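# Structural characterization, general
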Amino acid sequence: MDIRLKKQKDFDAVFSKGKRVYSKTLTLLYIPNNNFKFGISLSKKHGKANIRNRIKRLIRASVREVIKGKTLNNYNVVILPKVLEEYSFIDIKNDVLYTFKKGNIVND
RNA sequence: AGAGACGGUUGUACGGCUGCGGGAAUUAUUAUUCACGAGGAAAGUCCGAGCUUCACAGUAGCAGGGUGCCGGUUAACGGCCGGUGAAGGUGACUUCAAGGAAAGUGCAACAGAAAACUACCGCAACGAAAGUUGUAAGGAUGAAAAGGCGAGGUAAGAGCUCACCGUUCCCAUGGUAACACGGGAAGCAGUGUAAACCCCACCCGAAGCAAGAUAGGAUAUAUAGUAAGAGGCUACGGCGCUAUAUAUCGAUUUAUUCGCUCGAGCCUAUCGGUAACGGUAGGCCUAGAUAGAUAGCCGUAUUAAAUGACAGAACUCGGCUUACAGACCGUCUCGCUCC
RNA sequence: GGAAAAGUACCCAAGAGGCUCAAGGGGCUCCCCUGCUAAGGGAGUAGUACGUUAAUCACGUAGCGCGGGUUCGAAUCCCGCCUUUUCCG
C-alpha cells in the first residue's frame, strides 16, 4: 500500500488546518484522514539538490524504522525539517519517534 | 633538492543483514528468485544538432540576428586540431571578436591656436609702423598634433634631397593559404574609434518534451463571401480558402498511457593522419523516475586519511563555461648548490 | 524541466560613453513654531571604505551585484559568473 502523500490539495489542507508538534530537528503537521500517509516538504533554503535528496532519504529511512511492526492511526502527516548545518540519522530518527508518539500517530 | 609551464588519469573497492526503483523469469494475485540502478561536471542553459508541432518548411529580396587571419576536422557549431601574425614572459609557454577607417556618416569631453587638409607663441623676409608673405625647426595642451633619426640644404624652414629604420605598392622565390624572405619603386593623401552606425564575405524560419500524440476539432449538406487569405514583411510559385447555420462523431476538467531510451552509443585492438578525426575487425547493452528511486547498521582490504571535495539524470547527443579535498602519471623550462 | 526580466545610498529610484555628475524624492539630524506632540516652515547631514590630519574642513584612491575585456576614458559597450523576481500544464 502506498503511504506517500502526493497531491497538492492534501498538502495545502495539512498546512492550513493541521496540528503541529515541534522538535529540535523537525516540525510535524497532521490532520485526520482515512489512511496513514506522509510527505516531506523542503525548500531551496535547505541546500542544493543533493543535500535535499539526502534529507529526504534520512527521513524516509527513519519513518520506515519507526512504523515497522506497529499499528498506525489514520492521519495525513507532513514533515518539515529545519534548516541545519548538518543532518544526522540518529537525531532525526529520535525526533520522528518522539513527534509520532506525541501526535498519537503510532500505537505501542 | 627548489621554483615553475603544459597535458592526462582517478574521484575508494569488496562483502553481510534490514530496505528503495523500474525490468525479466517462475508462480498464479500474492510472493520468490535473478541481474541492473547518477556525474566528470548530471550544474549554468551559453552555442550547435536530432526529434515534435506550427498551413508548404519552396524561390528571390528586405528587415532582424550571428560569425569574422589561413587550412583542416565534424551531422553541425561561435567547438576542436594544426599553422600565421601581434602582445606578454629569461624560458618551458600563455593570451588575442585578429576582415574593411582613400564607400559613406557620426563621435573625440576638459585642455589646447587647431582634434583634421590646423597655425597661438615663435622663426625668417619685406616694411618707418600697423601689418603682409613664407614656414612648420622649437615651445605649450592633450590619450592622440600630420613618419622617426642623422646629414645636406635654405632668408628661415620643410621628404625639398640623401643614408638607415618604418609604411604602402609592385615583382621574384617558398608555401594549398594566412604569410615569410629577398629585390625594386613611391617622399609617404593624412590620427583614433567599426565590443559607434555601417560596408564586405558566409550562416540562420519559429517555438520547445510543461514540445507533442490531442481537438473550440473532423466529416457531410446548405447559404454567403472573395480574388482574397495564411511564415517578421514584400513579391513569385504552389495550395480552394474563409465565414455562418444544421446534422453526426467527438472534445473541453482530472487522472492515465505513449513520447522514454539502441544511440552521429560505449569498450578493446589495429590501420591512415603531425593532430582534431576517420576507416576496419571483435565484443557489450549500461537508470528511465514523476511528491520523483542509492539509505541505515556493521565488517574486511588498500591508504597519510576515507566521515560528502564539488555535487544528484528528468527527451537525447556534440561542445563551451563554471565548481572541485586529495592522490597519481608523463613531457618540458629556469637559475642555484654539490659531485 | 523550459523561457524571460531586473540588480545604482537605509528605501523608492533617474542617468544609456566625457563637463558642478553618481540627478530627484522619502527617510534621518538640527533649528523655528507649541505648555508637549503631530502637522507645517527652514537648514543640513553625506554620501560607503581606505589614506593624508590631533580633529573638522579639504584633497586623493577605490566604488553603480561580482570578475575580465574594448576604448585615451565604462554605471553606460562586449564576454563570463552570482543573486532576486516573473511566466509556461
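Given the structure is predicted, the values throughout are model-derived calculations rather than measurements. (Residues numbered from 1 in each chain as written. Chains lettered and ligands numbered in written order. Predicted model: local features only at pLDDT ≥ 70, side-chain atom pairs only at ≥ 80, totals over all residues. Heavy atoms only, no water.)

Looking at RNA strand B, there are 18 residues lining it, with Arg-4, Lys-6, Gln-8, Asn-50 and Arg-57 nearest. Each atom of RNA strand B within 4 Å of the protein belongs either to a base or to sugar and phosphate, the latter forming 55%. Between RNA strand B and Asn-50 there is a distance of 2.6 Å, counted from a base nitrogen to a side-chain nitrogen or oxygen. Arg-64 places a side-chain nitrogen or oxygen 3.3 Å from a sugar or linking oxygen of RNA strand B. Broken down by secondary-structure element, the contributors of at least two residues to the surface near RNA strand B are α1 (8-17) and α2 (49-67). Residue composition of the surface near RNA strand B, by class: six nonpolar, three polar and nine charged. (Near = heavy atom within 4 Å. Polar contact = N/O pair within 3.5 Å; in protein donor to acceptor, adjacent residues only side chain to side chain. Helix = DSSP H or I, 4+ residues; strand = E, 2+ residues; numbered from the N terminus. Nonpolar A, V, L, I, M, F, W, Y, C, P; charged D, E, K, R; others polar.)

What follows concerns the layout of surface pockets. Of the volumes computed, that of the largest pocket is approximately 230 Å³. Forming the boundary of the largest pocket are Ile-3, Arg-4, Leu-5, Phe-38, Gly-39, Ile-40, Lys-56, Arg-60, Val-63 and Arg-64. Breaking the lining of the largest pocket down by element, the ones donating at least two residues are β3 (37-40) and α2. Residue contributions to the lining of the largest pocket peak at four residues, all from α2. In the lining of the largest pocket, the residues fall into five nonpolar, one polar and four charged. (1 Å grid on protein atoms, 1.4 Å probe; cavity = no way out; pocket = protein on both sides within 12 Å on 5 of 7 lines; lining within 4 Å. Points joined across faces, edges and corners; volume = space filled by probe spheres on them.)

Where α2 contacts helix α3 (residues 89-102), the two axes come as close as 9 Å, and the packing angle between them is 50 degrees. The angle between the axes of α2 and α3 places the two elements in the oblique class. Taken as a pair, α2 and α3 cross one another with a handedness that is right-handed. Side by side, α2 and α3 meet where Leu-58, Ile-59, Ala-61, Ser-62, Val-63, Glu-65, Val-66 and Ile-67 of the first sit next to Phe-89, Ile-92, Lys-93, Val-96, Leu-97 and Phe-100 of the second. Looking at the contact of α2 with α3, its residues break down into eleven nonpolar, one polar and two charged. (Axes fitted to C-alpha atoms, helices over the stretch in contact; angles between N-to-C directions. Parallel < 35°, antiparallel > 145°, perpendicular 65-115°, else oblique. Left-handed = near helix turned anticlockwise from the far one by under 90°. Contact = heavy atoms within 4.5 Å.)

Let us now look at the sheet that holds β3. The strands making up a sheet associate through hydrogen bonds between their backbones, and the pairing can be parallel or antiparallel. The mixed open sheet is built from four strands, whose spatial order is β1-β2-β4-β3. Edge positions in the sheet fall to β1 (19-22) and β3, since each has one partner strand and no second. Adjacent strand axes in the sheet meet at a mean angle of 20 degrees, parallel and antiparallel pairs treated alike. As paired strands, β3 and strand β4 (residues 75-81) are joined by four bridges and run parallel to one another. Bridge pairing in β4 links Phe-38 to Val-77. (Pairing = 2+ DSSP bridges.)

This paragraph deals with the confidence of the model for chain A. When pLDDT is low, close inspection of the predicted coordinates is not appropriate. Across chain A, the average pLDDT comes to 82, with 97% of residues at or above 70. Ranking the helices and strands of chain A by mean pLDDT puts β1 first, with 88, and α1 last, with 80. Two summary scores accompany this predicted model of the complex, namely pTM at 0.78 and ipTM at 0.78. (pLDDT = per-residue confidence, 0-100.)

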